Amino acid sequence: MARKIDEEKLAKAYNRALSLEKAGKLAEAADAYREVLKIDPEDHGGAAVRLAAIGFGEAPKKAPDAYVETLFDQHAEDFEDILVDQLGYCVPMIIRQRFQALGLGPFERMLDLGCGTGLGASALRDMAGEITGLDISENMVEIAYEKELYDTLFVAEVEAFLHDDGEEEFDLITAADVLPYLGTLDAFFSGAAKSMAGGGILAFSAETLPDETLKGRDYMVGPHHRFGHSLAYLTAGLEKAGFRMVDTTDINVRFENGQPTPGYLIIARYLDA
């Protein structure tokens, strides 16, 4: 049985934590975020991620499912206005451009992970026969459904779906803006391999952080509460799961407070053993 959350107590603790963080009182903010986690262990507000971002907690293996679901459910209606118009996000179109430059496609079956409101399917609709979309946010999926761009849509967590989807194999899997909400990537890469036809293509974006910030770490939570990964970690994870790197492009994933967010657009091919 799900534990009932004291919403008033939670809001008070969370707002206190945010205020302390904004005031630069990070140790006190950390105590307040820990109080938030006691009230809401499922962590709908992403307190664990914020603790890591201010340096008072280890980076979690991934952003909490409840947090990601809540975040995108809340922003579903104005998602494209915020992401595309305000933040300059255009990763799906960059994927399309790289496919065209490399002579990749067309594809028979595409899986669009973290499909959101359908930006990926809109960019690649004419390059794929059957498109399946998946997102953890039901509100996002409802908007994507109304656009009639997908043949099938699922509401599910990415890693769980990849490891237990029951679907036919895909010859294209895209994951635009998914990895910034995942820390460790073994389950993601092995799941992609499990769902992929031999010779299939995996295309995804990842954010990164300066070397002096990462300090040799595989990944960490950045100042905007998303995960940044090192290129070495991404490359090693792909190879371990049976993928061969096809193309790596340095990109600006989005603008944040007017500043570019550096990252990678990576395309890899699955070598079916």
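Before reading on, note that the structure itself is shown above.
All values reported here derive from a predicted model rather than from experimental measurement.

1. Remarks on unusual backbone geometry
Here is step 1: Looking along the chain, the bond that leaves G105 and enters P106 is cis, with omega of 5°.
Here is step 2: Examined against the element boundaries, P106 turns out to sit in the loop between α6 (91-102) and β1 (107-113).
Here is step 3: Positioned with a positive phi, E148 is a non-glycine residue whose angle comes to about 55°.
Here is step 4: Its location among the elements puts E148 in the loop between α8 (138-146) and β3 (152-155).
Here is step 5: Phi is positive for H225, which is not a glycine, with a value near 70°.

2. Some points on helix α4 (residues 65-75)
Residues that lie three or four places apart on an α-helix share one face, since the helix turns once every 3.6 residues.
Here is step 1: By the burial criterion, the buried members of α4 are A66, Y67, V68 and F72.
Here is step 2: The inward-facing, buried residues of α4 abut α5 (79-86) and α8.

3. Topic: the sheet that holds strand β5 (residues 196-207)
Here is step 1: Overall, mixed pairing links the seven strands, which are arranged β3-β2-β1-β4-β5-β9-β8 in an open sheet. Each having just a single partner strand, β3 and β8 (243-256) make up the two edges of the open sheet. When the angles between neighbouring strand axes are averaged without regard to direction, this sheet yields 15°.
Here is step 2: Pairing of β1 with strand β4 (residues 170-175), which is carried by four bridges, proceeds in the parallel orientation. By the bridge assignment, L113 is partnered in β4 with A175.
Here is step 3: Sitting on the sheet, α8 is in contact with β2 (128-135) and β3, with an inclination near 170° to β3.
Here is step 4: Here helix α12 (residues 231-241) sits on the sheet in contact with β5, β8 and β9 (259-270), set at roughly 20° to β9.

4. Observations regarding the pairing of β2
Here is step 1: Among the eight residues of β2, six are classified as buried, and the element is accordingly described as predominantly covered.
Here is step 2: Here β1 runs beside β2; their pairing, made up of six bridges, is parallel. Residue M110 lies in a different strand from β2, and its bridge partner there is I131.
Here is step 3: Following the backbone out of β1, through helix α7 (residues 119-124) and into the adjacent parallel β2, one traces a crossover that is right-handed.
Here is step 4: The pairing of β2 with β3 spans four bridges and is classified as parallel. Its bridge partner lying in β3, T132 is registered against T152.
Here is step 5: One crossover worth recording links β2 to the parallel β3 by way of α8, and it is right-handed.

5. Things to note about the nonpolar core
Here is step 1: Among the nonpolar cores identified, the biggest contains 73 residues, and F99, L113 and F243 are the most heavily contacted of them.
Here is step 2: Core analysis: the next-biggest nonpolar cluster, separate from the first, contains 15 residues, A13, L20, V36 and L51 among them.

6. Focus: the packing of helix α1 (residues 7-22) against helix α2 (residues 26-39)
Here is step 1: Their axes nearest at 8 Å, the elements α1 and α2 cross at an angle of 160°. Judged by the angle between their axes, α1 and α2 are roughly antiparallel. Considering how the two elements wind past one another, α1 and α2 form a crossing that is left-handed. Facing K9, L10, A13, Y14, R16, A17, L18, L20 and E21 of α1, the residues of α2 in contact are L26, E28, A29, A32, Y33, E35, V36 and I39.

7. Describing the side chain of S230
Here is step 1: Inspection of the secondary structure puts S230 in the loop between β7 (227-229) and α12.
Here is step 2: Ignoring anything within four residues of it in the chain, the contact list for S230 reads T208, L214, R217 and D218.

8. A closer look at the pattern of salt bridges
Here is step 1: Summed over all chains, the structure comprises 15 salt bridges.
Here is step 2: When the shortest N-O distance is used, the salt bridge between D31 and R34 registers 2.9 Å. Taken together, the residues D31 and R34, both in helix α2 and three residues apart, mark about one turn of the helix.
Here is step 3: For D31, a relative accessible area of 48% puts it in the partly exposed group.
Here is step 4: Relative accessible area serves as the criterion here: at 34%, R34 is assigned to the partly exposed category.
Here is step 5: With a closest N to O distance of 3.7 Å, R125 and D151 form a salt bridge. One end of the pair, R125, is in the loop between α7 and β2; the other, D151, is in the loop between α8 and β3, and 26 residues separate them in sequence.

9. Details of the environment of K215
Here is step 1: Mapping K215 onto the fold places it in the loop between α11 (211-214) and β6 (219-221).
Here is step 2: Taking the C-alpha atoms as reference points, K215 and S230, separated by 15 residues in sequence, lie 9.9 Å from one another.

10. So, the packing of aromatic side chains
Here is step 1: Within this structure, the stated rule accounts for 10 aromatic pairs.
Here is step 2: When the centroid spacing of 5.1 Å and the interplanar angle of 50° are considered together, the rings of F154 and F161 count as tilted.
Here is step 3: In this structure F154 comes out as partly exposed when scored by relative accessible area, which is 25%.
Here is step 4: Three or more aromatic residues joined by ring pairs form one cluster here, namely F72, F79 and Y181.
Here is step 5: One Lys or Arg, R109, reaches over the ring of F170 and ends 4.5 Å from the middle of that ring.

Rules behind the numbers
Along every chain, residues carry numbers that run from 1 in the direction the sequence is written. Only residues with pLDDT of at least 70 are given local features in this predicted model, and only at 80 or more are side-chain atom pairs given and counted; all residues enter the totals for whole chains, interfaces and linings. Heavy atoms from the whole structure form the basis of all side-chain values; hydrogens and water molecules are not counted. In this text, helices come from DSSP runs of H or I with a minimum length of four residues, and strands from runs of E with a minimum of two, each type numbered from the N-terminal end. Each residue gets one of three labels from its accessible area relative to the maximum for its type: buried under 20%, exposed over 50%, partly exposed in between, using a 1.4 Å probe on protein chains only. Working rule for contacts: check all heavy atoms of both residues, and any pair within 4.5 Å makes them a contact. At least two bridges found by DSSP between two strands are what make those strands a pair. Between N-to-C directions, angles cover 0 to 180 degrees, with each direction set by a line fitted to C-alpha atoms, over the stretch in contact for helices. Think of it like this: strands point away, you trace from the first strand over the helix to the second, and a clockwise trace means the crossover is right-handed. To qualify as a nonpolar core, a set must consist of buried Ala, Val, Leu, Ile, Met, Phe, Trp, Tyr and Cys residues joined through side-chain atoms within 4.5 Å. Roughly parallel means an angle under 35 degrees; roughly antiparallel means over 145; roughly perpendicular covers 65 to 115; every other angle is labelled oblique. For any helix crossing, the convention is left-handed if the near helix is rotated counterclockwise from the far helix by under a right angle, and right-handed if that rotation is clockwise. A pairing counts as a salt bridge when a side-chain nitrogen of Lys or Arg comes within 4 Å of a carboxyl oxygen of Asp or Glu. Pairing of aromatic rings covers Phe, Tyr and Trp, the last through its six-membered ring, and needs centres within 6.5 Å; plane angles under 30 degrees mean stacked, over 60 mean edge-to-face, and all others mean tilted. Distance and angle both matter: a charge sits over a ring if NZ of Lys or CZ of Arg is within 6 Å of the ring centre and within 35 degrees of the ring normal.

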